[in-house]
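Per-entry structural report
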Amino acid sequence: MKKFNKLIALLLMVVMVLAIAGCGSKKDDSASSMDLTQGSDTSDASKEEPSDDDAQKEEQPAFSIDDGVTAYFANMPKHIYKIGQQDFIDKVKAGDDMVVVDIRTAEDYKKGHVKGSYSAPWGPAIAENITKIAQDKEVFIYCYSGQTAGQAVMTLNLAGINARSVNLGFNFGISKVEGYEAVIEETEHAFGSETYDVPQEVQDALTAYYNGLADVKETTFKNYKVSEDNLKAMIDNQEDFYLLSIRKADHFAEGHIEGAKNIPWGAGMEKEFASLPKDKPIVVYCYTGQTAGQTVAGLRLLGYDAVSLNGGIGMEANAPLGWINKGYETVGGVVKAGVNAHFANMPKHIYKISQQDFVDKVKAGDDMVVVDIRTAEDYKKGHVKDAYSAPWGPAIAENITKIAQDKEVFIYCYSGQTAGQAVMTLNLAGINARSVNLGFNFGISKVEGYEEVIEETEHAFGSETYDVPQEVQDALTAYYNGLADVKETTFKNYKVSEDNLKAMIDNGEDFYLLSIRKADHFAEGHIKGANNIPWGAGMEKEFASLPKDKTIVVYCYTGQTAGQTVAGLRLLGYDAVSLNGGIGMEANAPLGWLNKGYEVVK
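Quick caveat, the model's predicted, so the values are computed rather than measured.

As a further point, take helix H13 (residues 228-236). Taken together, the buried positions of H13 are Glu228, Leu231 and Met234. Viewed along the axis of H13, the buried residues span an arc of 120°, placing them on a single side of the element. Residue glutamine 238 follows H13 closely and has a positive phi angle near 55°.

See the structure below:
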């Protein structure tokens, strides 16, 4: 009997590795027989101290299913446990040393299957054969559309098997590859006698998982799935369930099934599982159902009542399966439309107010809202009269429904740059927001007599709330929570320092440099390698020309309009950051490219 695959063991905690290590020995039938024949022996032999091996076995902790599932997602490889149908066919034709498992019905297997494949029909047969599937070779699984194979792949990997599913299964994937007939046969293959060690906890869990299919066989959730029609009925009948999309955030924003929440598929998604409810069904959907299948298997093994949507959201490749392919509608596009509208309908004030005009409005006691997004510590030391504190970060999204939509709202930070980002996000939420030019340090504090409008009295947002579309709330929460992901990187606060940009240029790094200054100013001098989209209404029409496969560094004059642009681009799915201090001007020195002494070209 071979040892439990070390590849999967590496994914698990050290304590689990210790648990697995003891499973690698072969069964010793003769030893067992000897024990039986001496069963009535009460001699000194029965009083012997346990061997070191016995002691080690007693000390070993049980395999943790929870940790195994978590490791599956946390250590997700680039191939995301899938293989393209063409690549799979090529491997079969090349005679690669691998294992292929067909989980379609036994009847369909007999009619014709991929050469050399074993039959383990979807259901208990998978768990029954779990110890017979090689742990020292690549294993490829296919079903009809890829969806149940997604579930199987997750469960097999938990058992130490290096398994992947074939994209779109037999019907929509394999059979669509030109020349696939060359790898089809009717010869049946049975698993051999060689077995591999699988922890008892895993065997028990997978047996329960596949036996559980019988419990849902006659229900809406047959095969741990739900049909498109039944999901539509559940929504129309306002049934109590949780709808989870695992598509990319930008695709979710462009359109999703009404009521859905989003946890984008990928390594790290397991960190969000704790936010899911265990007291109601969870319907998971992706693009065609395959990654949702993996997710459903993981969630069910963690104790969630999860099922996947048949065919996912639907794509051309798996029609007629899938939500959209069935003719059902999606909602969304609110974020994309809102971002485009922010730029397309840009007012003359370009979402900014001069520091002098702002201080004058405060002195005049205008009916407006002021938001200070500096740190809580600096707010306490002194802030503009009546200003609310919403420190740069998640606090902005958390208070988004408490910021008035029927008054002018003014935001300030230190230099104006992060306030530029905040302004764009607040306007998306229906707030009439502008940033104070050059922020507190370079703007407000430079106005003569500004001290008259400074106080230390703290102010809290009231209980009154304003409607913000859920899609927008979700997008802004993701936007501000995302700051934690870049906190320790070159792009902290979705910005890049002047020195780091210089290094990126000198090192020949692959990124896109975007100036949003006026065309004549760009011609007079710009940072080497930059392209230009002049700031102003209509600039959003040029966004489609920007790359989504590389970082975009945006710069303006002092960073403020670049902040707005970066927020818009990131909400549209671009990896955008702004240059700290922009090109640099006298008013914001020593910030900015020129103020740091770096050169420009014409």
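As a further point, take unusual backbone geometry. Negative phi values dominate among residues other than glycine, just as trans dominates among peptide bonds. At the junction of alanine 319 and proline 320, the peptide bond is cis and its omega measures out at 10° in the coordinates. Summarising the element assignment, proline 320 is placed in the loop between strand S12 (306-309) and helix H16 (334-344). Between alanine 589 and proline 590 the backbone carries a cis peptide bond, its omega angle lying at 10°. In this structure, proline 590 sits in the segment after strand S24 (576-579).

A separate point is the nonpolar core. In this structure, Ile103, Val139, Ile141, Leu156, Leu158, Leu276 and Leu301 are the most contacted members of the largest nonpolar core, which totals 59 residues. With near-sequence residues (within four places) excluded, valine 139 lies in contact with Val99, Val101, Ile133, Ala134, Leu156, Ile161, Asn162, Ala163 and Arg164. If you look at the next biggest cluster of nonpolar residues, it comprises 58 residues, including Val369, Ala433, Met539 and Leu546.

On to the pattern of salt bridges. Tallying each qualifying case throughout the model produces 19 salt bridges. Among the ionic pairs, aspartate 575 bridges to arginine 570, the shortest N-O distance being 3.4 Å. Residue classification places aspartate 575 among the partly exposed positions, given a relative accessible area of 33%. What you see here is one network of salt bridges that share partners, running through Lys91, Asp96, Glu138 and Arg164.

With that out of the way, let us pick up the pairing of S12. Note that strand S8 (residues 225-226) and S12 share 2 bridges and pair parallel. If you follow lysine 225 over to S12, its bridge partner there is serine 308. One ladder, built from 3 bridges, connects strand S11 (residues 282-285) with S12; its direction is parallel. Looking at the pairing, valine 284 lines up with serine 308 of S12. Once you follow S11 into helix H15 (residues 290-301) and on to S12, the crossover reads as right-handed.

Right, let's talk about the environment of glycine 462 for a bit. Inspection of the secondary structure assignment puts glycine 462 in the loop between strand S19 (454-455) and helix H22 (470-481). In this structure glycine 462 comes out as partly exposed when scored by relative accessible area, which is 44%. The spatial distance from the C-alpha of glycine 462 to the C-alpha of isoleucine 403 is 9.0 Å, given a sequence separation of 59 residues.

On to the sheet that holds S12, then. Spatially, S8-S12-S11-S9-S10 is the arrangement adopted by the 5 strands of the open sheet, whose pairing is parallel. Only two strands of the sheet have a single partner each, and these edge strands are S8 and strand S10 (261-262). Both strand S9 (residues 242-245) and S10 contribute to a ladder of 2 bridges, which runs parallel. Across the sheet, residue serine 245 finds its bridge partner in S10, namely asparagine 262.

Analysis parameters
- Residues numbered from 1 in each chain as written.
- Predicted model: local features only at pLDDT ≥ 70, side-chain atom pairs only at ≥ 80, totals over all residues.
- Heavy atoms only, no water.
- Buried < 20%, exposed > 50% of the residue type's maximum accessible area, 1.4 Å probe, protein only.
- Helix = DSSP H or I, 4+ residues; strand = E, 2+ residues; numbered from the N terminus.
- Arc of directions from axis to C-beta.
- Core = buried A, V, L, I, M, F, W, Y, C linked by side-chain atoms within 4.5 Å.
- Contact = heavy atoms within 4.5 Å.
- Salt bridge = Lys/Arg side-chain N within 4 Å of Asp/Glu carboxyl O.
- Pairing = 2+ DSSP bridges.
- Right-handed = clockwise from strand over helix to strand, strands pointing away.

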